[in-house]
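# Architecture and fold: a report
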Amino acid sequence: KAGVTQTPRYLIKTRGQQVTLSCSPISGHRSVSWYQQTPGQGLQFLFEYFSETQRNKGNFPGRFSGRQFSNSRSEMNVSTLELGDSALYLCASSFRDRSYEQYFGPGTRLTVT
Amino acid sequence: AQKVTQAQTEISVVEKEDVTLDCVYETRDTTYYLFWYKQPPSGELVFLIRRNSFDEQNEISGRYSWNFQKSTSSFNFTITASQVVDSAVYFCAPYSSASKIIFGSGTRLSIRP
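I will try to describe carefully the structure that is included in this document. (Residues numbered from 1 in each chain as written. Chains lettered and ligands numbered in written order. Predicted model: local features only at pLDDT ≥ 70, side-chain atom pairs only at ≥ 80, totals over all residues. Heavy atoms only, no water.)

### Digging into the packing of aromatic side chains
Where two aromatic rings form a pair, the distance of their centres and the angle of their planes describe that pair. Filter applied, for reference: Only the six-membered ring of Trp is used, alongside the rings of Phe and Tyr, when aromatic pairs are assigned; centres must lie within 6.5 Å, and planes under 30 degrees apart are stacked while those over 60 apart are edge-to-face, with the rest tilted. Using a 1.4 Å probe on the protein chains alone, a residue whose accessible area is under 20% of its type maximum counts as buried, one over 50% counts as exposed, and one in between counts as partly exposed.
Evaluation of the coordinates by the stated rule reveals 19 aromatic pairs over all chains. Ring geometry for Tyr25(B) versus Tyr32(B): centroids 5.3 Å apart, planes at 55°, classification tilted. Its relative accessible area of 2% is what places Tyr25(B) among the buried residues. By the ring-pair criterion, three or more aromatic residues cluster together here, those being Tyr35(A), Phe45(A), Phe104(A), Phe35(B), Tyr37(B), Phe47(B), Phe91(B) and Phe103(B).

Now the structure itself:
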């Protein structure tokens, strides 16, 4: 069974731009969660989607948004990028919502200059 | 609010030694889950174990064992006969439905040959 895939793997953007990251969960998994990992703040929960509905949200500004499609694939969007948004963005999928027995993707490394 | 403390920032041991990673959590919720994840140098987080707050039975899985003590709010993880492949950052993460999953700052474990 294929694992969680994330695209792109690396991304360089400039301040003020917006970015969209994509995540394809493991086949059959309906829950997708997103995380931001930085050296300073560690691993922080962004949001969780299940059956196209946002089920839970972390403490991030409204510039961070996401969505989930009917095939469970998910995208997250960050608008008006700031230098502090440079991070590894991880996507994880699980069969049930709020399970957190999750399978993680390799992440997207975003650099904002 | 939930809080998790992994006081050990880095641990380095020689191969075949036993090593215990500490995790202390705080929560006001009566029902919660505790997780351990591993992040090897490749970057992908790997789910290791989930334990719910009603189940204090300790668990052994191969070289891994977990010691959950609700009275001291600790959920420690032990690797026996460590191997170089165990080198990774290990995260403890509590979760409750009233809150969000929170990851500890992680313990970087280095196993020297």
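### Re the interface of chain A and chain B
The criterion, for reference: Two residues form a contact once any of their heavy atoms are found within 4.5 Å. Once two parts are put together, the accessible area they lose, assessed with a 1.4 Å probe and summed over both, is termed the buried area. Salt bridges are defined as contacts in which a side-chain nitrogen from Lys or Arg sits within 4 Å of a carboxyl oxygen from Asp or Glu. As used in this structure description, the phrase polar contact means that two N or O atoms lie within 3.5 Å; if the pair is within protein, one of them must be able to donate a hydrogen and the other to accept it, and residues adjacent in sequence are counted only when both atoms belong to side chains. Secondary structure follows DSSP: runs of H or I at least 4 residues long count as helices, runs of E at least 2 residues long count as strands, and numbering of each begins at the N terminus. Throughout, the ten residues Ala, Val, Leu, Ile, Met, Phe, Trp, Tyr, Cys and Pro are labelled nonpolar, Asp, Glu, Lys and Arg are labelled charged, and all others, Gly among them, are labelled polar.
Listed as interface residues are 18 residues of chain A and, on the opposing side, 15 residues of chain B. Summing the contributions of chain A and of chain B, the shared interface buries around 1500 Å²; its carbon and sulfur component is 55%. Viewed at the interface, chain B and chain A are joined by 1 salt bridge. Put simply, chain A and chain B have 3 residue pairs in polar contact (both at pLDDT 80 or more) between them. Of all the elements in the fold, those that place two or more residues in the side of chain A that touches chain B are β4 (31-38), β5 (42-50), β6 (53-57) and β9 (87-94) of chain A. Split into classes, the residues belonging to the side of chain A that touches chain B amount to 8 nonpolar, 6 polar and 4 charged.

### Some remarks on the pattern of salt bridges
Under the definition given, this model contains 8 salt bridges over all chains. Here Arg63(A) ties to Asp85(A) by a salt bridge, and the two come within 2.8 Å at their closest N and O atoms. With a gap of 22 residues between them, Arg63(A) in the loop between β6 and β7 (64-68) and Asp85(A) in the loop between β8 (74-78) and β9 connect regions that are remote in the sequence. Here Arg63(A) matches Asp85(A) in class, with each residue buried. Residue Arg50(B) pairs with Glu101(A) through a salt bridge whose shortest N-O separation is 3.3 Å.

### What about the environment of Pro25(A)?
All names here are of chain A. On the secondary structure map, Pro 25 appears in the loop between β3 (19-24) and β4. Separated by 28 residues in the primary sequence, Pro 25 and Thr 53 have C-alpha atoms spaced 15 Å apart. Setting aside chain neighbours within four positions, we find Pro 25 in contact with Val 4, Val 32, Ser 72, Arg 73 and Ser 93.

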